[in-house]
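# Working through the structure, step by step
What follows is the residue order along each chain.
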Amino acid sequence: MNNKMMVRGGTGDITKADVNARPQDNLYLAVNSKWLENTEIPSDRSRISSFDGIDLNIEKELMNDFADFADGKKEIPDVPNLKKAVELYKLARDFDKRNADGAKPIQADLKTLTSLNSLADLNEQAGELFRNFAVPFTLDVDADMKNTKVNVLQFDRPNLILPDTTTYKSPDAKKLLDIYKKQTVKLLTMARIGEEDAEKYAQNALKFDERLSKVAKSSEERADYPAMYNPMSIEDFEEKITSFDFDHLLGELFDKKPDRIIVIEPRFLDHFEELVNEDTFEEIKGWMLAKFINGAASLLSQEFREAAFPFSQALSGQPELSKGVKQAYYIANGLFSEVVGVYYGQTYFGSEAKADVEDMIHRMIDVYEKRISENDWLSEDTKKKAIVKLRALILKIGYPEKIEEVYDLLQVDPEGSLYSNEAEAGRVLVQYNLDKLYKPVDRTVWLMPGNLVNACYDPQRNDITFPAAILQKPFYDLHQSRSLNYGGIGVVIAHEISHAFDNNGAKFDEFGNLKNWWTDEDFAEFEKRTQAEVKLFDGIKYGPVVLNGKQIVSENIADQGGLTAAVEANKGENGNMKEVFENFARVWATKQLPESIKTQVSIDVHAPGPERANVQSQCQEEFYKAFDVKPEDGMWLDPDKRVVIW
């Protein structure tokens, strides 16, 4: 047997250009090798891709606009709260003030943390500490998975220092943690902490993080979204914890104490008592200080920014720190993301394009309904319920008509420091989230701003969001062929629709409630096909890593459904099938530094773009017909190894 018949992802090294590659041997390289040869990764980025190429253009447009607004060269348009975003940009851009202030803006908060002397102090000040700093747990308010009309309180672990639990077992772990420790010590000493104390705080931070990493769920485990739903009564929750006074904290945070809580990681709760107690207090204090100084440093002087760069650089491989003016734009965009997204959409997104994309979405939904109706492994009962869910999808295209009210609450004080403004904004955001607990769920909220080059499906709202930013080349162009658009935005649209029926989304109904609407036989067959999708990607070598099929299965199911539906739609219009697959490969063009690949693959629920392009194409019968792929060719995958779900 020819060993090429076993190749998933085509022949050759998919991360390196090969201008002689044929689409029959490696579709991705045949389409993108010239781009790979001619494209340089910007010095302040760790990768460049089709997504990033669009993002760079948007970045340039919006950075120019913000500079003109700030300098009075262009009038600020009447977009609610945009003036606040410009004021924050001006503060962030003023490096004369930032450099002159040095560590002064953080001294009061630093003193609050260094003055903590015991777990009793932590308990007594828990409400204020929770609103202002990283504490050894998180509380969040979001829609109840089983009743998405109401909000519920959620309990979760904090983030680890390294990207994922698996990173701690890698050969790079010690080196990365050493860099983090050294960086933390330097930042603390720059903030006027004595070197001996700084060393102690950093060492204790690593000790607590090590404890946390041993009980935390991995990215693979957290990819199982419904497994995060573990409801408990507050009484049962508090009985599991004795050292930390959650009853006092909840009384501080809420006028009316909640009667139930959702535990995201039960293992973390089971070990909470051994993690947070009087004996571990010094470790917790060091960890809180390390988290604080590493987070605050980027809002201070240029010297602090540079001192806080090595750990990020080690994780990403990014050669240089971004320029201060670029950081200023991203700070304003970060806090006022929806506001900036509405400005971008109103300024750069045309109504004609929006109407055409809406038409494509409805066509893709029609194609999806047809495929479900003609599906040969679902029962009629499950088909009917799937179509009900499909037709209940809420579409969010371009940018929201109404900006979320939290932006009205955010204020910018031009006389304050950048840090003080960001810290106050953080408190407002925390309180806004807590205040949602006894309010109905607002289903009009968008998960993505209009200037983000991405798209998403929200299983708890059963809606799909397509920001204005992604609705351009190579994904979409009003003036390019329908076939090219199907290979780009058509796949993206159907990908997001497919999330309603991936291994996570399939467990939610048309209202976004966690509810089983399948027959037992149908779901068993679905899980069998899901396992085939896991196996399809598991162990594929990509640059310095191998892929974890289980971690990325939900996105791969969505890719499979997305490409299949786009191919079907194009087929129905007698379109050029080669163009569909070529543009599908083109949108995943990616050039990435090895360090960045390691970090991304450890935490991302998406497969790397190049593998998405080739492996999913290998599962499409129309790909073999379009390019006349034979068993001896590199892109050939034996029929029994091709995966079809939707």
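This structure is a prediction, so every number in the text was calculated from the model and none was measured. (Residues numbered from 1 in each chain as written. Predicted model: local features only at pLDDT ≥ 70, side-chain atom pairs only at ≥ 80, totals over all residues. Heavy atoms only, no water.)

Within an α-helix, residues lying three or four positions from one another point in the same direction, as the helix has 3.6 residues per turn. Listed as buried for helix α27 (residues 577-586) are M577, V580, F581, N583, F584 and A585. The inward-facing, buried residues of α27 contact α1 (27-38), α24 (482-498), α26 (553-572), α29 (609-618) and α30 (621-627). N-capping of α27 is provided by N576, with a side-chain oxygen placed 3.0 Å from the backbone N of K578. (Buried < 20%, exposed > 50% of the residue type's maximum accessible area, 1.4 Å probe, protein only. Helix = DSSP H or I, 4+ residues; strand = E, 2+ residues; numbered from the N terminus. Contact = heavy atoms within 4.5 Å. Polar contact = N/O pair within 3.5 Å; in protein donor to acceptor, adjacent residues only side chain to side chain.)

Moving on, we come to the confidence of the model for the protein. Per-residue confidence for the protein gives a mean pLDDT of 95, with 99% of residues at or over 70. Throughout residues 1-5 the model reports pLDDT below 50, and contacts reaching past four residues in sequence, or to other chains, amount to 12 contacts. (pLDDT = per-residue confidence, 0-100.)

Time to look at the pairing of strand β8 (residues 463-467). Extensive coverage of β8 is indicated by the burial of five of its five residues. In β8, alternate side chains face the same way, and those of D463, T465 and P467 on one face and I464 and F466 on the other are all buried. Examined bridge by bridge, strand β7 (residues 456-458) and β8 share three bridges and lie antiparallel to one another. Residue pairing for β8: Y457 is matched across the bridge by I464. From the end of β7 to the start of β8, which pair antiparallel, there are four residues, and N462 there has a positive phi angle of about 50°. (Pairing = 2+ DSSP bridges.)

Our focus in this paragraph is empty space enclosed by the protein. One pass over the full model with this rule turns up three cavities of 30 Å³ or more. Roughly 80 Å³ of internal volume is contained in the largest cavity. Looking at the largest cavity, the residues that line it are L91, D94, K97, R98, D101, G102, P105, L299, L300, S417, L418 and Y419. For the lining of the largest cavity, the secondary structure elements donating two or more residues are α4 (95-101) and α23 (418-435). The leading source of residues in the lining of the largest cavity is α4, at three residues. (1 Å grid on protein atoms, 1.4 Å probe; cavity = no way out; pocket = protein on both sides within 12 Å on 5 of 7 lines; lining within 4 Å. Points joined across faces, edges and corners; volume = space filled by probe spheres on them.)

The next point concerns the pattern of salt bridges. Per the counting criterion, the structure on display carries 52 salt bridges. We note a salt bridge from R363 to E573, for which the minimum N-O separation is 2.9 Å. Here R363, found in helix α20 (residues 351-373), pairs with E573, found in the loop between α26 and α27; they are 210 residues apart in sequence, far enough to count as distant. Among the salt bridges present, the one from E525 reaches R529, with a minimum N-O distance of 2.8 Å. Of this pair, E525 and R529 both sit in helix α25 (residues 520-537), separated by four residues, roughly a single helical turn. You can call E525 partly exposed: its relative accessible area is 22%. The network of salt bridges with shared partners includes D44, R45, R47, D52, D55, E59 and K326. (Salt bridge = Lys/Arg side-chain N within 4 Å of Asp/Glu carboxyl O.)

Bringing the side chain of S483 into the picture now. Residue position: S483 is located in helix α24. What makes S483 buried here is its relative accessible area of 6%. In contact with S483, not counting residues within four places along its chain, are N570, G575, N576, E579 and V580.

Time to look at α20. Here α20 spans 33 Å end to end across 23 residues, near enough to the 33 Å set by a 1.5 Å rise per residue. Here the buried face of α20 lies against α21 (380-391), β6 (394-398), β8, α24 and α26. (Expected span 1.5 Å × (residues − 1).)

What follows covers the pairing of strand β5 (residues 260-263). Of the strand pairs in this sheet, strand β3 (residues 147-156) and β5 are connected by two bridges, and their pairing is parallel. The residue of β5 that forms the bridge with Q154 is I262. As judged from the three bridges shared by strand β4 (residues 231-233) and β5, these two strands associate in the antiparallel manner. By the bridge assignment, P231 is partnered in β5 with I262.

Axes are the key here: two packed helices are described by the angle between their axes and the distance separating the axes. Relative orientation of the contacting elements helix α3 (residues 82-93) and α23 amounts to 140°, with a least axis distance of 9 Å. By the criterion of interaxial angle, the relationship of α3 to α23 is oblique. Taken together, the residues of α23 that come into contact with α3 (itself represented by L88, L91 and A92) are L418, N421 and E422. Here the contact of α3 with α23 is composed, by residue class, of four nonpolar, one polar and one charged. (Axes fitted to C-alpha atoms, helices over the stretch in contact; angles between N-to-C directions. Parallel < 35°, antiparallel > 145°, perpendicular 65-115°, else oblique. Nonpolar A, V, L, I, M, F, W, Y, C, P; charged D, E, K, R; others polar.)

What follows is about the nonpolar core. Residues F137, L139, F155, F244, F336 and W646 are the most contacted members of the largest nonpolar core, which totals 199 residues. When residues no more than four places from it in sequence are discounted, the contact partners of F244 are L122, N123, A126, F137, L249, F272 and V276. (Core = buried A, V, L, I, M, F, W, Y, C linked by side-chain atoms within 4.5 Å.)

Here the focus is the environment of F309. On the secondary structure map, F309 appears in the loop between α16 (302-307) and α17 (310-316). Under the relative-accessibility criterion, F309 is labelled buried at 10%. Spatially, the C-alpha atoms of F309 and A297 are 9.5 Å apart, while their sequence positions differ by 12 residues.

Our focus in this paragraph is the packing of aromatic side chains. All chains considered together, the criterion is met by 42 aromatic pairs. When the centroid spacing of 5.9 Å and the interplanar angle of 70° are considered together, the rings of F155 and F272 count as edge-to-face. In this pair, F155 is assigned in strand β3 and F272 in helix α14 (residues 272-275), connecting sequence segments 117 residues apart. This pair shows no difference in class: F155 is buried, exactly as F272 is. Relative to Y419, the ring of F292 has its centre 6.2 Å away and its plane inclined at 90°; by these criteria the two rings are edge-to-face. Highlighted residues: F292 in helix α15 (residues 281-296) and Y419 in helix α23, separated in sequence by 127 residues. There is no split in this pair, since F292 and Y419 are both buried. An aromatic cluster is present here, built from F130, F137, F155, F237, F244, F246, F268 and F272 joined pairwise through their rings. Over the ring of F501 we find K389, and its NZ or CZ is 5.8 Å from the ring centre. The residue whose ring lies beneath R642 is Y624, and the NZ or CZ to ring-centre distance is 3.8 Å. (Phe/Tyr/Trp six-rings, centres within 6.5 Å; stacked < 30°, edge-to-face > 60°. Lys NZ or Arg CZ within 6 Å of the ring centre and 35° of its normal.)

Next up on the list: the packing of α20 against α26. At a closest axis distance of 9 Å, the pairing of α20 and α26 adopts a crossing angle of 100°. The pairing of α20 with α26 is recorded here as roughly perpendicular in orientation. On α26, the residues that touch M364, V367, Y368, K370 and R371 of α20 are G561, T564, A565, A566, E568 and A569. Of the residues assigned to the contact of α20 with α26, the class counts are six nonpolar, two polar and three charged.

Once that is clear, we can look at the environment of E75. Examined against the element boundaries, E75 turns out to sit in the loop between α2 (50-70) and α3. Residue classification places E75 among the exposed positions, given a relative accessible area of 73%. Taking the C-alpha atoms as reference, E75 lies 9.7 Å from D65; in sequence the two are 10 residues apart.

What follows deals with the sheet that holds β8. Spatially, three strands are ordered β6-β8-β7 in an open sheet, and the strand pairing comes out mixed. Bordering the open sheet on either side are β6 and β7, each of which pairs with just one other strand. Adjacent strand axes in the sheet meet at a mean angle of 15°, parallel and antiparallel pairs treated alike. Along the sheet face, α24 touches β7 and β8 and points at about 155° away from the line of β8.

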